[in-house]
Amino acid sequence: MEPPENYSTSTSFAEPFEDAQKIILRWDSTASEEARERMIFGGDRQEVDLYLQAVDEIQRSMSSTSISPPSSHHHDQDSNSNKVNSAIQIAMARLEDEFRNILINHTSPVEVDSLFILDHAPAPASSLNHNTSSVGSSNEFDQEEVGGGDHVDALDPIQRADSSNSSASYRSTSSIREIDLIPQEAVADLQSIAKRMISAGYLRECIQVYGSVRKSAVDASFRRLGIEKLSIGDIQRLEWEALETKIRRWIRAAKVCVRILFASEKKLCEEIFYGIGTAIDDACFMETVKGPAIQLFNFAEAISISRRSPEKMFKILDLHDALMDLLPDIEVVFESKSADSIRVQAAEILSRLAEAARGILSEFESAVLREPSRVPVPGGTIHPLTRYVMNYISLISDYKQTLIELIMSKPSTGSRYSGDPTTPDMEFAELEGKTPLALHLIWIIVILQFNLEGKSKHYKDASLAHLFIMNNVHYIVQKIKGSPELREMIGDDYLRKLTGKFRQAATSHQRATWVSVLYCLRDEGLHVSGSFSSGVSKSALRERFKTFNAMFEEVHRTQATWLIPDSQLREELRISISEKLIPAYRSFLGRFRSHIESGKHPENYIKYSVEDLESAVLDFFEGYPVSQHLRRRSQ
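Reading guide: rules and limits
All residue numbers refer to positions counted from 1 along the written sequence of the respective chain. Predicted model: local features are reported for residues with pLDDT of at least 70 only, side-chain atom pairs are reported and counted for 80 or more only, and whole-chain, interface and lining totals are derived from all residues. Values shown for side chains rest on all heavy atoms present in the structure; no hydrogens or waters enter the calculation. A run of H or I in DSSP becomes a helix once it reaches four residues, and a run of E becomes a strand once it reaches two; helices and strands are each numbered from the N terminus. Throughout, a contact is declared for two residues whenever any of their heavy atoms are within 4.5 Å. Shrake-Rupley sampling with a 1.4 Å probe provides the accessible areas, and residues are treated as covered by the protein chains on show and by no other component. Burial here depends on accessible area, computed with a 1.4 Å probe over protein chains only, as a share of the maximum for the residue type. Under 20% is buried, over 50% is exposed, and the range in between is partly exposed. Working note: the arc is built from the helix axis to C-beta atom directions. Side-chain atoms within 4.5 Å are what join buried Ala, Val, Leu, Ile, Met, Phe, Trp, Tyr and Cys residues into a set we call a nonpolar core. Note on geometry: axes are C-alpha line fits, over the in-contact stretch for helices, and angles between N-to-C directions span 0 to 180 degrees. If an angle is under 35 degrees, it is roughly parallel; if it is over 145, roughly antiparallel; if it lies from 65 to 115, roughly perpendicular; otherwise it is oblique. Gly counts as polar in this scheme, as do all residues outside two lists: the nonpolar Ala, Val, Leu, Ile, Met, Phe, Trp, Tyr, Cys and Pro, and the charged Asp, Glu, Lys and Arg. In this analysis, rings of Phe, Tyr and Trp, with Trp reduced to its six-membered ring, are considered paired at centre separations within 6.5 Å, and the interplanar angle assigns stacked below 30 degrees, edge-to-face beyond 60, and tilted for intermediate values. Here, a charge over a ring means that NZ of Lys or CZ of Arg falls within 6 Å of the ring centre while also lying within 35 degrees of the ring normal. Note on definitions: salt bridges are taken to be side-chain nitrogens of Lys or Arg within 4 Å of carboxyl oxygens of Asp or Glu. The predictor reports its confidence for every residue as pLDDT, a score running from 0 up to 100.

**Topic: the overall build of the protein chain**
Scanning the protein chain from N- to C-terminus turns up 25 helices and zero strands. Look at the contacts in the protein chain between residues 6 or more apart in sequence, and 79% of them connect residues 24 or more apart. With an accessible surface of roughly 30600 Å², the protein chain has 52% of that area assigned to carbon and sulfur atoms.

**Details of helix α25 (residues 610-617)**
For α25, the set of buried residues is Val-610, Asp-612, Leu-613, Ala-616 and Val-617. Down the axis, α25 shows its buried residues gathered within 160° of arc, on one side only. Where α25 is buried, its residues meet α23 (538-559) and α24 (567-597).

**Some words on the nonpolar core**
Grouped together as the largest cluster of nonpolar side chains are 191 residues, with contacts concentrated most on Phe-99, Trp-250, Phe-262, Phe-273 and Phe-334. Other than its neighbours up to four places away in sequence, Phe-273 contacts Phe-99, Ala-194, Ile-198, Cys-206, Tyr-210, Ile-280, Asp-281 and Cys-284.

**Here we look at the packing of helix α17 (residues 384-398) against helix α19 (residues 436-456)**
Geometry of a packed helix pair, given as the angle between the helix axes and the separation of the axes. Relative orientation of the contacting elements α17 and α19 amounts to 175°, with a least axis distance of 11 Å. Relative to α19, the element α17 is oriented roughly antiparallel. Within the contact between the two elements, α17 uses Leu-385, Thr-386, Val-389, Met-390, Ile-393 and Ile-396 and α19 uses Leu-437, Leu-441, Ile-444, Ile-445, Leu-448, Asn-451, Leu-452 and Lys-455. Of the residues contributing to the contact of α17 with α19, the split by class is eleven nonpolar, two polar and one charged.

**As for the packing of aromatic side chains**
Enumeration over the complete set of coordinates arrives at 19 aromatic pairs. When the ring of Phe-222 is compared with that of Phe-262, the centres are 6.2 Å apart and the planes differ by 40°; the resulting orientation is tilted. Within this pair, whereas Phe-222 is found in helix α11 (residues 203-225), its partner Phe-262 is found in helix α13 (residues 240-272), the two being separated by 40 residues in sequence. Like Phe-262, Phe-222 is buried. With 4.0 Å between their ring centres and 20° between their planes, Phe-364 and Tyr-392 make a pair best called stacked. Taken as a pair, Phe-364 in helix α16 (residues 340-370) and Tyr-392 in helix α17 lie far apart in primary sequence, 28 residues in all. Across the pair, Tyr-392 and Phe-364 agree in class, each one buried. Here a set of aromatic residues connected by ring pairs shows up, and it is made of Trp-514, Phe-548, Phe-552, Tyr-585, Phe-620 and Phe-621. A cation sits over an aromatic face here: Arg-252 above Phe-116, 3.7 Å from the ring centre. The ring of Tyr-519 carries Arg-522 above its face, with NZ or CZ at 3.7 Å from the centroid.

**Re unusual backbone geometry**
Despite not being glycine, His-601 shows a phi value in the positive range, around 45°. We note that Phe-621 has phi near 65°; this positive angle belongs to a residue other than glycine. Relative to the assigned elements, Phe-621 resides in the segment after α25.

**Quick look at the pattern of salt bridges**
The final tally for this structure, using the stated rule, is 37 salt bridges. In this structure, the salt-bridge partner of Asp-523 is Arg-591, at a minimum N-O distance of 2.5 Å. A residue pair is termed long-range when its members are at least 10 positions apart, and Asp-523 in the loop between α22 (492-519) and α23 and Arg-591 in helix α24 qualify at 68 residues. Bridged by salt links that share partners, the residues Arg-570, Glu-571, Arg-574 and Glu-622 form one connected network.

**Let's talk about the confidence of the model for the protein chain**
When pLDDT is averaged along the protein chain, the result is 84, and 83% of the positions lie at 70 or above. Counting contacts from residues 67-73, a segment whose pLDDT is below 50, to residues more than four positions away or on other chains yields two contacts.

**Things to note about the side chain of His-474**
With respect to the secondary-structure elements, His-474 resides in helix α20 (residues 462-482). Judged by its relative accessible area of 9%, His-474 falls in the buried class. Sequence-distant contacts of His-474, that is, excluding residues within four places in its chain, are made with Phe-502, Asp-566 and Leu-569.

In structure tokens form, the structure reads like this:
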């Protein structure tokens, strides 16, 4: 640009310096009302150029006064030097104000909703294929969002970086999305001010002004993202329910902070301080984001060192996965030496979260083993512990990928040689080739069954104890079959073992209930002694019918109140009962009915038809009381 006419190009010290000094003094806000009210960079561009040239002239004078040879005009030199220093100070104070003002005027809050959308957008082709970032204005991203972004990808990414007036090249992981926090023309002004402040030795002031304005912008974004200022102690005192919500919110916010906000702050520092000195952009970046980054990661740290309990497992794994996912981005955004502490903190939190997950799993195993409830569940139905444990391990299998990597060691189990009656046995020999995680899941099921066996002993009726085991092991099998991940880890061999177990319990239940009832329907003991054909003892027969009726009524009355919640299993068991009972009763009735009917009051002995028994079996295992007497068909 041609210097304005009134700008002297004389080579003597006095004239250019004095012209420059006039311009500097004209904008001295301590001396002039007008200078206080107006901003140079807010006005005419010619005015801006003039002022910057004046500053350059003063800086040239500064170097020439400091290196000019000793002369007899010593006094002149001193006074020149004082004038130069005074002009520099006034100019720097002014530039500092201008720098702050440009930053503040162009710091608008980031639209949080669009950031969440942005974080989920597929990575622009440019950031994947080239070693430059996808630098573009935020509305380019919005257009990409709504599907109108073809023109963005059509632009060569290198050109995009150039068109945004930035000569830096950014390493970018595929998930980092940098946005322009400040318009490019303002960036150029900030850069021209920063160059002059730093070359005049005002580096510290420049960093402080930059850091304080940008940090308050980051703080404002944090508030909009719902990131609270909580100490580690505050976080640990919160109820778990409240924390669960905060963890969900933190995971969303942390991705946006690292991949978009911090990455964009870094890009802004690199653009403004590009070429001025390598560490300066980094110093400004750390001044801006170090506090907020520590605040962000303190939340995850507090969770990682909080008291462990089973219900925390899944949120801790969510947090672990989110941080694991972010680690490469954290490495890129905080790559410098001065950001060491942040990278280290993130890595340490990750390993503590992993440790917490491992600890929770083994504490869960102990809790299942020692769960102490002694009161039998009514009707032999599924115990709440069984539901809880199986739902828990189904959820564990949803986190299979993470946990397979975190769980390295086999469970510490009892063996059949340990002789410890308080711990079940588990032999690993038959479980070759399973991951440690799968072994832990099988071990939890072994422990659960062991605990249930103990609970079944609290039933006074052996038949009900078997029904309880059948219901609960059947539920375990159904839960495994219902989750492909769980089924794959447990394996079909162990599933067959479990299926055999509940079938065995069903058989034991039937035996305990029906052996004595069916025993009434045998022929032995009914014939009068002597020749076989000599006849049947009516009194023994009447007694036999009465016993059968009483026993069947008792079984019917009690087992109608027992419960098999699974309708298919309930149906199978009723069919199995009917297949044994009905043919035996029909045949007994066929052989002996005539002997009773030829005597007095046959209805007192033959109370039930075959159909009566068939419909009575349908009352079994519904879980509610039936009327005192069996429904009898009209005689």
